[in-house]
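# A structural walkthrough
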Amino acid sequence: MKKKNISTLIAAVLAAMLTGCGFGTSAENLLTPPMMSERQGEIYNALTEAAGENITLVYPRSGAYRSAFVFADLDGDGTDEAVAFYDDAGDTETGVRVNIIDIGEDGITRSVYDHAGAGVTVEEVFFTDLGGRGKTRMAIGYGYMTPAEKTLRVYSFENGVLNTEYSGSYYKTLTMDLDRDGGEDIIMIGSKTENQAASVSLVTDKGNGVICEGTVSMSENAADIPSVTGGSIGEGTPALFADVLMGSGDISTEIIYCVNGQLRNPANVSGSEIRSLTTRSAGLYSRDVDGDGIVEIPSREPFPGYRENYDMQYITNWNVFENYTIIKKYSSLTRASQGYCFMLPVRWEGLVTVKTDPVTGEKVFYKFNNSLAESRLELMRILVCSPQEAREKLREGYIIILGEENLSDEENTASNIHMVKFSDTEDNLLLTEAEVRNNYYRY
């Protein structure tokens, strides 16, 4: 097929597409588009030479790779291949197609393989050395019409052929070394179906190709799995933390780890209290809140003085899995909407409560004295504000805990600065600046 001569307008449109830019709502965006790079133009030409001009580029919906063209050394020859995702308007049956484009040492870019995908969308694409075998695999998640109806295919590219080594249905995925063999695994989370509970599967290569090494079931009452996090349960034991939305509307956490190559879910063991001990309101998800590699599981309880109050203030407890049970590690005031988590000192337990300043919206800590109305001794307040407001608050005795690097930017109104102000009273519950800095985390 004769090479396509790309007009100025098409070049402009493709440049916007290939750089991830939208078209916007004004003519100005189309009049001054970013230029398409020479490399991108060559790849697009190679694709249209092989697939024709009646195509639409397809973009992954999530993950680290969001372009219709991604690059990786698939065959291990030391140079990258380009992988293009597209839809052929003339083919109404196969959906997404995958084209492998070789970038030769001779400077010639050519399509070398074309493959029919397994869905109508590309949900994600990632590359992994499964089991640490020194071989790059490409994994593509394909979507259909519903969020839970997805297929993951794992490919290798050898001798100019894209080989499907594994294919399975999934809802969510992540990669980690769950079986502790030093190599990466793909963890596939399957959603609940009419006849089967949600599940977690480990897919890897132990030397006999890519296979599912094991599967473990999750709660039969799991209606959804809104959050999945990889981390550790301590002593270097990797684990998957799945926050499960129950039919009641509450969240509970199931912890999946590997023992002698076998997946374990202690929440499903008869007599286990893990599910009940981790049940909490929706919106609180497991995470490594203090950055030590161990994932904490949240729960919550009211601050002292709150009993069905209209402005209920909650302590968030961060718990860890130890000895087959759940143990509290920290308590905090967590404000996800404002991006912070303040760990409460142990010596404050039961002795300090918090209120919201009705004028400024600040969170204000008070020494608790029998009831909220009688708790009037202020200890400290937390303010999250713009750089402009922060400059004013510095003159009022506030100090900056996070975001000081944004203070000098006069035009920066979007970035938040986290500030605290200490009371000038004297009490043994007052904190030092060092204590606050040590206990204050971005969320």
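Residues numbered from 1 in each chain as written. Predicted model: local features only at pLDDT ≥ 70, side-chain atom pairs only at ≥ 80, totals over all residues. Heavy atoms only, no water.

### A closer look at the overall build of the chain
Counting secondary structure elements, the chain contains six helices and 27 strands. Seen along its three principal axes, the alpha-carbon backbone of the chain occupies a region of about 85 × 60 × 40 Å. Counting across all 443 residues of the chain, residues that qualify as buried make up 47%. Counting contacts in the chain only where the partners sit at least 6 residues apart, residues at least 24 apart contribute 46% of the total. Surface exposure of the chain reaches about 21,800 Å², of which carbon and sulfur atoms provide 46%. For the chain, the separation between the mean place of its 38 positive charges and that of its 65 negative charges on side chains is 5 Å. (Helix = DSSP H or I, 4+ residues; strand = E, 2+ residues; numbered from the N terminus. Buried < 20%, exposed > 50% of the residue type's maximum accessible area, 1.4 Å probe, protein only. Contact = heavy atoms within 4.5 Å. Areas by Shrake-Rupley, 256 points an atom, 1.4 Å probe, with all protein chains shown as cover. Lys, Arg positive; Asp, Glu negative; His and termini not counted. Charge placed at Lys NZ, Arg CZ, Asp CG, Glu CD.)

### Observations concerning unusual backbone geometry
Positive phi, close to 55 degrees, is recorded for Glu-235, a residue that is not glycine. Within the secondary structure, Glu-235 sits in the loop between β14 (222–232) and β15 (238–246). Although it is not a glycine, Asn-260 adopts a positive phi angle of roughly 50 degrees. Here Asn-260 shows up in the loop between β16 (251–259) and β17 (262–264). A residue is classified by how much of its surface remains accessible, and Asn-260, at 76% relative accessible area, is exposed.

### A look at the confidence of the model for the chain
Averaged over the chain, the pLDDT score is 88; the fraction of residues at 70 or greater is 90%. Across the chain, the element-wise mean pLDDT spans from 35 in helix α2 (residues 27–31) up to 98 in strand β23 (residues 363–367). Across residues 1–34, where pLDDT falls below 50, the model places 38 contacts with residues more than four positions away in sequence or in other chains. (pLDDT = per-residue confidence, 0-100.)

### Let's talk about the sheet that holds strand β27 (residues 440–442)
Pairing within the open sheet is antiparallel, and its five strands lie in the order β18-β19-β20-β21-β27. Every other strand in the sheet has two partners, leaving β18 (297–302) and β27 as the edge strands with one partner each. On average, adjacent strands in this sheet sit at an angle of 40 degrees to one another, irrespective of strand direction. As defined by bridge partners, strand β21 (residues 340–343) adjoins β27 across three bridges and the pair is classed as antiparallel. Following the sheet pairing, Cys-341 is matched in β27 by Tyr-441. (Pairing = 2+ DSSP bridges. Axes fitted to C-alpha atoms, helices over the stretch in contact; angles between N-to-C directions.)

### Focus: the pattern of salt bridges
Inspection of every chain in the model, using the stated rule, returns 23 salt bridges. Between Lys-206 and Asp-179 there is a salt bridge, and its shortest N-O distance comes to 2.7 Å. Of this pair, Lys-206 sits in the loop between β12 (199–205) and β13 (210–217) while Asp-179 sits in the loop between β10 (172–176) and β11 (185–190), and the two are 27 residues apart along the sequence. Judged by its relative accessible area of 37%, Lys-206 is partly exposed. (Salt bridge = Lys/Arg side-chain N within 4 Å of Asp/Glu carboxyl O.)

### Here we look at the pairing of strand β9 (residues 161–170)
Where strand β8 (residues 150–158) and β9 come together, nine bridges link them in antiparallel fashion. Its bridge partner lying in β9, Lys-150 is registered against Tyr-170. Hairpin remark: β8 followed by β9, antiparallel, with two residues in the connecting loop; positive phi at Asn-159, about 55 degrees.

### Let's talk about the environment of Tyr-330
Within the secondary structure, Tyr-330 is located in strand β20 (residues 325–335). Expressed as a C-alpha distance, the spacing of Tyr-330 and Lys-206, which sit 124 residues apart in the sequence, is 39 Å. With sequence-adjacent residues up to four places away left out, Tyr-330 is seen in contact with Asp-290, Thr-316, Asn-317, Trp-318 and Met-343. Within the structure, the side chain of Tyr-330 is placed 2.7 Å from the side chain of Asp-290, a separation counted as a polar contact. (Polar contact = N/O pair within 3.5 Å; in protein donor to acceptor, adjacent residues only side chain to side chain.)

### Some details on the packing of aromatic side chains
Counted according to the given criterion, the structure contains nine aromatic pairs. Centre to centre, the rings of Trp-348 and Phe-365 are 5.0 Å apart; their planes meet at 50 degrees, and the pair counts as tilted. Of this pair, Trp-348 sits in the loop between β21 and β22 (352–356) while Phe-365 sits in strand β23, and the two are 17 residues apart along the sequence. A residue is classified by how much of its surface remains accessible, and Trp-348, at 4% relative accessible area, is buried. Among the aromatic residues, those joined into a cluster by ring pairs are Tyr-340, Phe-342, Trp-348, Phe-365 and Tyr-440. Sitting over the ring of Tyr-366, Lys-355 keeps its end group 4.7 Å from the ring centre. (Phe/Tyr/Trp six-rings, centres within 6.5 Å; stacked < 30°, edge-to-face > 60°. Lys NZ or Arg CZ within 6 Å of the ring centre and 35° of its normal.)

### Overview of the pairing of β12
Burial runs high along β12: seven of the seven residues are buried. By the alternation rule, side chains of β12 split into Ser-199, Ser-201, Val-203 and Asp-205 and Val-200, Leu-202 and Thr-204, which are all buried. Sheet topology note: the β11/β12 ladder contains five bridges and is antiparallel. Counted as the bridge partner of Gly-190 is Ser-199 from β12. Judged from the seven bridges that link them, β12 and β13 form a sheet pairing that is antiparallel. Bridge pairing in β13 places Ser-199 opposite Ser-217. Here β12 folds back onto β13, and the loop between the two strands holds four residues, one of which, Gly-207, carries a positive phi near 115 degrees.

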